[in-house]
Amino acid sequence: MKLSQTVRSGPDHYICQANALSLLDEKIQDFNHPVIITGDKSYQAFKKHYSGTRNFPIFRYDRTASNEDMARLAELTFGTDCIIGVGGGRVLDTAKGTAALLGIDCVTVPTVLGTCAAYTPVSAVYHPDRTFKAVDYYKRAPYLCLMDLTLLMESPLEYFMGGIGDTLAKWYEAEGITSHLQGPLPAMVTVGLQTAKVTQELLLEESQEAIMSLKRKELTPAFQKVAEAVVAIAGTVGGFAGESGRMAGAHAVHNGMSLVKETHAYEHGVKVAYGILVQLTAAGKLKEAQNLQNFYEINGFYQTLSDFGVHKDLEDKMWQIASFASSPNETFTLAVPDATTQSIFNAMKALESLSSVPVEVN
């Protein structure tokens, strides 16, 4: 595999603190006609915490993060000089894609802690029917990523759980990819890999307290550490490591799960967390998978496909997911080069045989 030598370290500006939205007007003062792309709940959270004086035109995305919706919004917002994305991962991916079509800057304001979308110059793109399509890479990184911890302290727990799961995958996927490379790693790839390891260790140590902090609505050092791990630190892994820090086995499983309707209601990162277990099991790293399952049990992550409410035709749907994940256009074999549909199916079936009673996270 040819390694990417392009380093994309992150946004031009990054702010993470309590009441950070009070700084928004100052930070975008060079833009004359900024507009907001958002969703209904996201915009309500923004209005509650934004105390500035700018009057932003508001445009709603259609909840798909599709190229079609990005094109629609680009036509509607033509003439603006800055897109401000306010919301979760799909909103922010839509905002970045719209800005890329217009060739203008984008500001990201996450209202939930579900992914590193606020930090990265990429979008996970879906078809209009919400099945996964591709990952789009952009020439520009966000101009500003602004994380208001006061706002985020009020965000739903299920998104935070998804963010933790998605971020955990950074280490397991990057380690899976780089373990098969020959020769010494380039310096920046090593930086990306070490960043992924720092993220994994931080999450394993701090997640339980951070989750409790969110439940108590109490801003603690653990919550800020995990919030920054989910958005900023995770976002640097692929930025530093390039192709060696990209999505691999866990995300391929997630993408396959988009074909199974029962899983659509669950957050991206919660499904990715399950994908980590599938990747580790398919790779024969059973002890590592078992150690991670202990963490999942304590913190309430799902460990089997049936935990997602998939009961009817379970094995057929496991095969469907495994077939998608092992396809040449997917990324499972980056982490487990000899993986096949059968071996991924076998890994899912092995996990299914475990007695798993997920902890209620709501």
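Here, the structure is the one placed above.
Summary of the structure given here.

Analysis parameters
- Residues numbered from 1 in each chain as written.
- Predicted model: local features only at pLDDT ≥ 70, side-chain atom pairs only at ≥ 80, totals over all residues.
- Heavy atoms only, no water.
- Helix = DSSP H or I, 4+ residues; strand = E, 2+ residues; numbered from the N terminus.
- Rg over C-alpha atoms; globule rule 2.2 N^0.38 Å.
- Buried < 20%, exposed > 50% of the residue type's maximum accessible area, 1.4 Å probe, protein only.
- Areas by Shrake-Rupley, 256 points an atom, 1.4 Å probe, with all protein chains shown as cover.
- Lys, Arg positive; Asp, Glu negative; His and termini not counted.
- Charge placed at Lys NZ, Arg CZ, Asp CG, Glu CD.
- Phe/Tyr/Trp six-rings, centres within 6.5 Å; stacked < 30°, edge-to-face > 60°.
- Core = buried A, V, L, I, M, F, W, Y, C linked by side-chain atoms within 4.5 Å.
- Contact = heavy atoms within 4.5 Å.
- Arc of directions from axis to C-beta.

Along the protein, the regular secondary structure elements total 14 helices and eight strands. In summary, the protein has a C-alpha radius of gyration of 20 Å against a globular reference of 21 Å for 362 residues, a match within 12%. Summarising its shape, the C-alpha atoms of the protein cover approximately 55 × 45 × 40 Å along the three principal directions. Burial status across the protein gives 57% buried among its 362 residues. Here the protein displays about 15,200 Å² of accessible surface, and carbon together with sulfur accounts for 51% of that area. Between the centroid of the 30 positive side chains of the protein and the centroid of its 39 negative side chains there is a distance of 2 Å.

Another aspect to go through is the packing of aromatic side chains. For any pair of aromatic rings, the description consists of the separation of the ring centres together with the inter-plane angle of the planes. Applying the stated criterion across every chain yields a total of 16 aromatic pairs. Their ring planes at 85° and their centres at 5.0 Å tell us that Phe 31 and Tyr 143 sit as a pair that is edge-to-face. Of this pair, Phe 31 sits in the loop between helix H1 (24–27) and strand E2 (34–38) while Tyr 143 sits in the loop between strand E7 (132–137) and strand E8 (144–148); the two residues are 112 residues apart in sequence, bridging distant segments of the chain. Judged by relative accessible area, Phe 31 falls into the buried class, the value being 9%. When its relative accessible area of 16% is taken as the criterion, Tyr 143 is described as buried. Feature note: the residues Tyr 43, Phe 46, Tyr 50 and Phe 56 constitute an aromatic cluster, connected by ring pairs.

This part takes up the nonpolar core. Leu 24 and Phe 332 are the most contacted members of the largest nonpolar core, which has 94 residues in total. It is helix H6 (residues 157–178) that provides the largest number of residues to this core, a total of ten residues. Those residues within four positions of Leu 24 in sequence are excluded, and the remaining contacts are Phe 46, Tyr 50, Phe 56, Val 107, Leu 144 and Leu 146. Of all hydrophobic cores here, the second largest spans eleven residues; its members include Val 35, Leu 73, Ile 104 and Cys 106.

On to helix H3 (residues 67–76), then. Three or more residues of H3 are buried, namely Asp 69, Met 70, Leu 73 and Ala 74. Relative to the axis of H3, the buried residues are bounded by an arc of 140° and lie together on one face. Packed against the buried residues of H3 are E2, strand E3 (58–60), helix H4 (89–102) and strand E6 (122–126).

What follows is about the environment of Asn 19. Looking at the element boundaries, Asn 19 is found in the loop between strand E1 (13–17) and H1. Along the primary structure Asn 19 and His 49 are separated by 30 residues, whereas in three dimensions their C-alpha atoms are 7.3 Å apart. If we ignore the near neighbours within four places in the chain, the residues touching Asn 19 are Asp 148 and Thr 150.

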